[in-house]
Amino acid sequence: MTVTEETRQLMDLFEQVEDIEEVAESLPLDDHRRKKLVDVADRILAQVPPVRPVVAGALLDMTDKTVRAWAHEGVLTVLSTEPRMLLDPARLHEVLHLVTDLRRAGKTRGLLDEVYRRLSDLALLDREDLTESIDQMHRGEGRVVRQAEADG
């Protein structure tokens, strides 16, 4: 299969996943259908074979060299390096969302750093303990701890 065909096929699949995600996001957070749709999207992405850097570059509108640099920095997840580098399609999908949003907002320089920061923020938000702490804060539970109290 050519790079163009592979890229088109992957883009079509990503668009289907995005349609599912869009419907899921339109539902309330506590709606069980939202979680079910997100799970379906995740299962679809889990079935996608690993992606060659040249295909990822075509999707991200970047050079193969840039994609490899992003993989080396950990922004894109490498699934294998031998006999050739292959990337995780689920992480590629996530990065594609971020890059698209950043470009739409007019950001064209420093994309690597910005994507890395956003991925770090998303990873924090996925932590159950942080989610529970934020929920407690919104409910007015807990107490304010000032630095002097924490030290003494």
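Now for a look at the structure at hand. Nothing here was measured: the structure is a model prediction, and the numbers come from that model.

Overview of the environment of Leu87
Among the secondary structure elements, Leu87 is positioned in strand 2 (residues 86-87). According to the relative accessible area criterion, Leu87 is buried, its value standing at 1%. Sequence-wise, Leu87 and Asp135 are 48 residues apart; in three dimensions their C-alpha atoms are separated by 35 Å. In this view, Leu87 contacts Pro50, Val51, Pro53, Ala56, Val67, Ala71, Leu76, Thr77, Val78 and Leu79; residues no more than four positions away in its chain are not counted.

Considerations on helix 5 (residues 89-104)
Between its first and last C-alpha atoms helix 5 spans 22 Å; for 16 residues at 1.5 Å apiece the expected length is 22 Å, and the two agree. Listed as buried for helix 5 are Pro89, Leu92, His93, Val95, Leu96, Leu98, Val99 and Leu102. One or two positions beyond helix 5, positive phi appears at Gly106, with a value near 90°.

Focus on the environment of Arg103
Within the secondary structure, Arg103 is located in helix 5. Apart from residues no more than four positions distant in its own chain, Arg103 is found in contact with Leu60, Asp61, Met62 and Leu111. Among the polar contacts listed, one links the side chain of Arg103 to the backbone oxygen of Leu60, at a separation of 2.7 Å.

Observations concerning the pattern of salt bridges
Scanning the entire structure with this criterion turns up nine salt bridges. Between Asp64 and Arg68 there is a salt bridge, with the nearest N and O atoms lying 3.1 Å from each other. Of this pair, Asp64 and Arg68 both sit in helix 4 (residues 64-73), separated by four residues, roughly a single helical turn. Taking relative accessible area as the criterion, Asp64 reaches 30% and is therefore assigned partly exposed. In this structure, Asp101 and Arg104 form a salt bridge, with 3.4 Å as the shortest nitrogen-oxygen distance. Note that Asp101 and Arg104 are positioned in helix 5 at a spacing of three residues, about one turn of the helix.

Considerations on unusual backbone geometry
Cis rather than trans, the peptide bond between Glu82 and Pro83 has omega equal to 0°. The residue Pro83 is located in the loop between strand 1 (78-80) and strand 2 in this model. With phi around 60°, Asp61 is a residue other than glycine that occupies positive phi space. Examined against the element boundaries, Asp61 turns out to sit in the loop between helix 3 (53-60) and helix 4. Judged by relative accessible area, Asp61 falls into the exposed class, the value being 64%.

Observations concerning the packing of helix 3 against helix 4
Direction vectors running N to C along helix 3 and helix 4 enclose 105°, while the axes themselves pass 8 Å from each other. In terms of orientation, helix 3 lies roughly perpendicular with respect to helix 4. Contacts between helix 3 and helix 4 involve Pro53, Val54, Ala56, Gly57 and Leu60 from the first element and Asp64, Val67 and Arg68 from the second. Residue composition of the contact of helix 3 with helix 4, grouped by class: five nonpolar, one polar and two charged.

Side note on the side chain of Arg52
Relative to the helices and strands, Arg52 resides in the loop between helix 2 (32-47) and helix 3. Accessibility expressed as a relative area gives 19% for Arg52, which makes it buried. Contact partners of Arg52, with chain neighbours within four places excluded, come to Met1, Thr2, Val3, Glu6, Arg84, Met85 and Leu86.

Quick notes on the rules
Residues numbered from 1 in each chain as written. Predicted model: local features only at pLDDT ≥ 70, side-chain atom pairs only at ≥ 80, totals over all residues. Heavy atoms only, no water. Helix = DSSP H or I, 4+ residues; strand = E, 2+ residues; numbered from the N terminus. Buried < 20%, exposed > 50% of the residue type's maximum accessible area, 1.4 Å probe, protein only. Contact = heavy atoms within 4.5 Å. Expected span 1.5 Å × (residues − 1). Polar contact = N/O pair within 3.5 Å; in protein donor to acceptor, adjacent residues only side chain to side chain. Salt bridge = Lys/Arg side-chain N within 4 Å of Asp/Glu carboxyl O. Axes fitted to C-alpha atoms, helices over the stretch in contact; angles between N-to-C directions. Parallel < 35°, antiparallel > 145°, perpendicular 65-115°, else oblique. Nonpolar A, V, L, I, M, F, W, Y, C, P; charged D, E, K, R; others polar.

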